[in-house]
Amino acid sequence: MAHQWRGVIREYFDRLDVTSDTPIITLGEGGTPLVPAQALANLLGAEAVWLKFEGMNPTGSFKDRGMTMAVSKAVGHGAKAVICASTGNTSASAAAYAAQAGIKSVVLIPEGKISLGKLSQAVAHKAEILQVQGNFDDCLILARDLAENYAVHLVNSVNPDRIEGQKTGAFEVVEALGFAPDIHALPVGNAGNYSAYFKGYSEDRAAGTIKHLPQMWGFQAEGSAPFTVGHPVANPETIATAIRIGNPASWDLALNAREVSGGRFGAVSDADILWMHRFLSQEVGVFVEPSSATGAAGLYKSQRQGEKFAGKKIVVTVTGHGLKDPMWALKDVNGNDIQPQSVSKNAAEVAERLGLA
Ligand SMILES: *Cc1c(COP(=O)(O)O)cnc(C)c1O
């Protein structure tokens, strides 16, 4: 019989902070493809590049890896409701896992800055959705306040169970390759995922499974780049809404990960992000939401600025699915809407139009 992937808690039971008493709330998350990206390797002049395609998780983003842990532990503690602040994917994931667990979910979203796909997921999974008059950082302060003082369990990545679940992304990379890449690049918002991959690789090294840690390269959008400027940003701005975060919750963890891994932080423009979003869908066949292209966009910017990747093996996490936010694909490079061409039913005419005749 073909092996059925059982979700990250069952697959990595011995390597996660769970016991046989922990109820397992899972939608079968993890086990995502590590896709070879030859076109990106060529663009960067690297030996090999792989995309860890996290859009293939049950709700379409890597958030599910952490949410299976956070909701399972919350239920184990008797929680009847979970709450999160979200730019979209955390709420989609929290709502789905709460539905599976049969508990209530409350999501706090910032005003006017959430994609239709993500909002529809929270609605579909029957979350109580409140739009807060403020940005993501304000939503997180409010969520923490409510969780501290009322009977509702916080499932943002300030909850260490989230990071714990997300570290399994690194385990999967190492299992798929049989070694650690030289560089692991990814987008950074609250820096939970950046810190989680570092934790996963560090545990693999401690276990002797890998000989060295990859350098952790984290990229933000220029208008929302607290790690590049070195302090929180009051009014973050970028079209990459999943990383539109001015005051990263995992600040200290991320600085340590950068330091210990010999990695770096960088920032890219929205135009660079959208360019790479298009490149990945057109040249690699992997459709991601714009935020998810930020890691690859950062590598490409580094290459244009003189960085040499010759001989390097690189893994890039692409964090969320393109269908979350499909409007970006439906515009051409000049921002005009793309419409299918209308044709007759005549084969000769269609062949002519296609340049086949
Ligand atoms: C949450 C998210 C990020 C940012 O991850 P952090 O852990 O907050 O740094 C990036 N891309 C997508 C698609 C996300 O949903």
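The rules behind these values
- Residues numbered from 1 in each chain as written.
- Predicted model: local features only at pLDDT ≥ 70, side-chain atom pairs only at ≥ 80, totals over all residues.
- Heavy atoms only, no water.
- Near = heavy atom within 4 Å.
- Polar contact = N/O pair within 3.5 Å; in protein donor to acceptor, adjacent residues only side chain to side chain.
- Areas by Shrake-Rupley, 256 points an atom, 1.4 Å probe, with all protein chains shown as cover.
- 1 Å grid on protein atoms, 1.4 Å probe; cavity = no way out; pocket = protein on both sides within 12 Å on 5 of 7 lines; lining within 4 Å.
- Sits in = over half its atoms within 2 Å of the grid points.
- Nonpolar A, V, L, I, M, F, W, Y, C, P; charged D, E, K, R; others polar.
- Pairing = 2+ DSSP bridges.
- Helix = DSSP H or I, 4+ residues; strand = E, 2+ residues; numbered from the N terminus.
- Axes fitted to C-alpha atoms, helices over the stretch in contact; angles between N-to-C directions.
- Contact = heavy atoms within 4.5 Å.
- Salt bridge = Lys/Arg side-chain N within 4 Å of Asp/Glu carboxyl O.
- Buried < 20%, exposed > 50% of the residue type's maximum accessible area, 1.4 Å probe, protein only.
- Points joined across faces, edges and corners; volume = space filled by probe spheres on them.

Colleague: Can you walk me through the site of the ligand in this structure?
Modeller: The ligand sits among 15 residues. The nearest are Lys 63, Asn 89, Gly 189, Ala 191 and Thr 319. Here an oxygen atom of the ligand and a backbone polar atom of Asn 190 are 2.8 Å apart. Within the backbone of Gly 192, a nitrogen or oxygen atom sits 3.2 Å from an oxygen atom of the ligand. Taken by itself the ligand offers 380 Å² of open surface, and the protein chains cover 97% of this. Assessed atom by atom at 2 Å from the grid points, the ligand resides in the largest cavity. In terms of residue class, the shell around the ligand is built from five nonpolar, eight polar and two charged.

Colleague: Where do I start with the sheet that holds strand β2 (residues 48–53) in this structure?
Modeller: In spatial order, the strands read β1-β2-β10-β7-β8-β9; together these six strands make up an open sheet with mixed pairing. Edge positions in the sheet fall to β1 (34–36) and β9 (264–268), since each has one partner strand and no second. The sheet shows a mean angle of 25° between the axes of neighbouring strands, direction not considered. Sheet topology places strand β7 (residues 183–187) next to strand β10 (residues 313–318); three bridges connect them, and they run parallel. Opposite Ile 183, over in β10, you have Ile 314 as the bridge partner. Strand contacts of helix α11 (residues 251–261): β8 (215–221) and β9, with the helix running at about 115° to β9, the strand carrying the most contacts.

Colleague: Before we go on, may I ask you to explain the pattern of salt bridges in this structure?
Modeller: Pairs can form between side chains of opposite charge once their charged atoms are near each other. Enumeration over the complete set of coordinates arrives at 19 salt bridges. Residue Lys 52 is joined to Glu 172 by a salt bridge in which the shortest nitrogen-to-oxygen separation is 2.7 Å. Residue Lys 52 is found in strand β2, and its partner Glu 172 is found in helix α8 (residues 168–177); the two are separated by 120 residues along the sequence. Among the residues examined, Lys 52 registers a relative accessible area of 2% and is labelled buried. Residue Glu 222 is joined to Lys 301 by a salt bridge in which the shortest nitrogen-to-oxygen separation is 3.4 Å.

Colleague: Could you clarify how one ought to interpret the sheet that holds strand β4 (residues 104–110) in this entry?
Modeller: Taking strand neighbours across the sheet as the criterion, the four strands line up as β5-β4-β3-β6 in an open arrangement whose pairing is parallel. Because the sheet does not close on itself, it has two edges, and the strands there are β5 (128–132) and β6 (153–154). Two elements, strand β3 (residues 81–85) and β4, share five bridges in a ladder whose sense is parallel. Looking at β4, one finds that Val 82 is bridged to Ser 105.

Colleague: Any chance you could explain the layout of surface pockets here in plain terms?
Modeller: Empty space among the atoms becomes visible once a probe the size of a water molecule is rolled across them. The volume enclosed by the largest pocket comes to roughly 180 Å³. Lining of the largest pocket is provided by Ala 271, Leu 274, Trp 275, His 277, Arg 278, Trp 328, Lys 331, Asp 332, Val 333 and Gly 335. Here the lining of the largest pocket is built from residues that sort into five nonpolar, two polar and three charged.

Colleague: Would you mind showing me how to read helix α13 (residues 294–304) here?
Modeller: Owing to its 3.6 residues per turn, the α-helix aligns residues three or four sequence positions apart on the same side. The buried count for α13 comes to nine of 11 residues, which makes it a mostly enclosed element. All of the buried residues along α13 are Thr 294, Gly 295, Ala 296, Ala 297, Gly 298, Leu 299, Tyr 300, Lys 301 and Ser 302. Tucked into the core, α13 has its buried residues touching α2 (38–44), β7, β8, β9, α12 (270–284) and β10. Downstream of α13 by a residue or two, Gly 306 has a phi angle that is positive, lying close to 110°.

Colleague: Help me out: how do you make sense of empty space enclosed by the protein in this one?
Modeller: Counted by the stated rule, this structure contains one cavity of 30 Å³ or more. Lining the largest cavity we find 29 residues, and of these Phe 62, Lys 63, Gly 189, Asn 190 and Ala 242 sit closest to its centre. Of all the elements in the fold, those that place two or more residues in the lining of the largest cavity are α4 (89–101), α7 (160–166) and α9 (192–206). Partitioning the lining of the largest cavity into residue classes produces 10 nonpolar, 16 polar and three charged.

Colleague: Hey, could you run me through the environment of Arg 304 in this one?
Modeller: Counting through the fold element by element, Arg 304 comes out in helix α13. Judged by its relative accessible area of 43%, Arg 304 falls in the partly exposed class. Along the chain, Arg 304 and Val 260 lie 44 residues apart, while their C-alpha atoms are 26 Å from each other.

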